[in-house]
Amino acid sequence: MLASYFSPLDTQLYSVKIAVYSEVSSHFSYYLANRLKSQLKTKYDFVFITDFQQADLIITTFKLPAEECYETPQIIIDPLLTSNDLLLIDQWIEKMIMKESDLLLSMSDIWFQ
């Protein structure tokens, strides 16, 4: 899942494991990963991995078969990585952070009762 680093609130970055895949080439996947990282570097600490099963999110330029994704969510993007794609990725990550925060809060309620 997503993990946060301990740091001041104004500089806190959330670590997100991302698998980037493109049917174009592995070099293009690398380009997309670097572009994504540069566009959202102030909000997230991306860890790019190749194992879809270990990823929090798969970002791809075409829909992957469900059996290849291991139930990992995927976002299908334009090969140009448009501003709408970046917004969709950002919104998805924010939702995951909120879910993780809610889970941690509910667990702390149980621990401190």
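As shown above, the structure is provided for reference.
Everything numeric here is computed off the predicted structure, so don't read it as measured data.

Q: Could you give an account of the overall build of the protein chain, with specific residues and numbers?
A: Helices and strands together make up the secondary structure of the protein chain, namely 3 helices and 5 strands. Secondary structure of the protein chain in N-to-C order comes out as β-β-α-β-β-α-β-α. By the burial criterion, 35% of the 113 residues in the protein chain qualify as buried. Summarising the internal contacts of the protein chain: among those between residues at least 6 apart in sequence, 54% fall at separations of at least 24. For the protein chain, the accessible surface area stands at approximately 7,600 Å², while carbon and sulfur atoms represent 59% of it.

Q: Which residues make up unusual backbone geometry, and what are the values?
A: In this model, Tyr70 sits at a positive phi of 55°, which is unusual for a non-glycine residue. Along the chain, Tyr70 turns up in the loop between α2 (66-69) and β5 (74-76).

Q: I'd like to hear about the pattern of salt bridges, residue by residue, with values.
A: Taken as a whole and judged by the stated rule, the model has 2 salt bridges. Of the charged contacts in the structure, one is a salt bridge between Asp90 and Lys43, with a shortest N-O distance of 3.0 Å. Here Lys43 lies in the loop between α1 (26-39) and β3 (44-48) and Asp90 lies in helix α3 (residues 83-111), a separation of 47 residues in the sequence. A relative accessible area of 14% places Asp90 in the buried class. For Lys43, a relative accessible area of 30% translates into the label partly exposed. With a shortest N-O distance of 3.3 Å, Lys43 and Glu94 are connected by a salt bridge. Here Glu94 lies in helix α3 and Lys43 lies in the loop between α1 and β3, a separation of 51 residues in the sequence. Through salt bridges that share partners, Lys43, Asp90 and Glu94 make up one connected network.

Q: Before we move on, can you summarise the nonpolar core with the specific residues and values?
A: Among the nonpolar cores identified, the biggest contains 21 residues, and Ile18, Leu36, Tyr44, Phe46, Ile59, Ile89 and Ile93 are the most heavily contacted of them. Every element with two or more residues in this core is listed here: β2 (14-21), α1, β3, β4 (57-60) and α3. Here this core gets 6 residues from one element, more than from any other, and that element is α3. Core analysis: the second largest hydrophobic core is formed by 6 residues, Ala19, Phe52, Ala55 and Leu64 among them.

So, how was this worked out
- Residues numbered from 1 in each chain as written.
- Predicted model: local features only at pLDDT ≥ 70, side-chain atom pairs only at ≥ 80, totals over all residues.
- Heavy atoms only, no water.
- Helix = DSSP H or I, 4+ residues; strand = E, 2+ residues; numbered from the N terminus.
- Buried < 20%, exposed > 50% of the residue type's maximum accessible area, 1.4 Å probe, protein only.
- Contact = heavy atoms within 4.5 Å.
- Areas by Shrake-Rupley, 256 points an atom, 1.4 Å probe, with all protein chains shown as cover.
- Salt bridge = Lys/Arg side-chain N within 4 Å of Asp/Glu carboxyl O.
- Core = buried A, V, L, I, M, F, W, Y, C linked by side-chain atoms within 4.5 Å.

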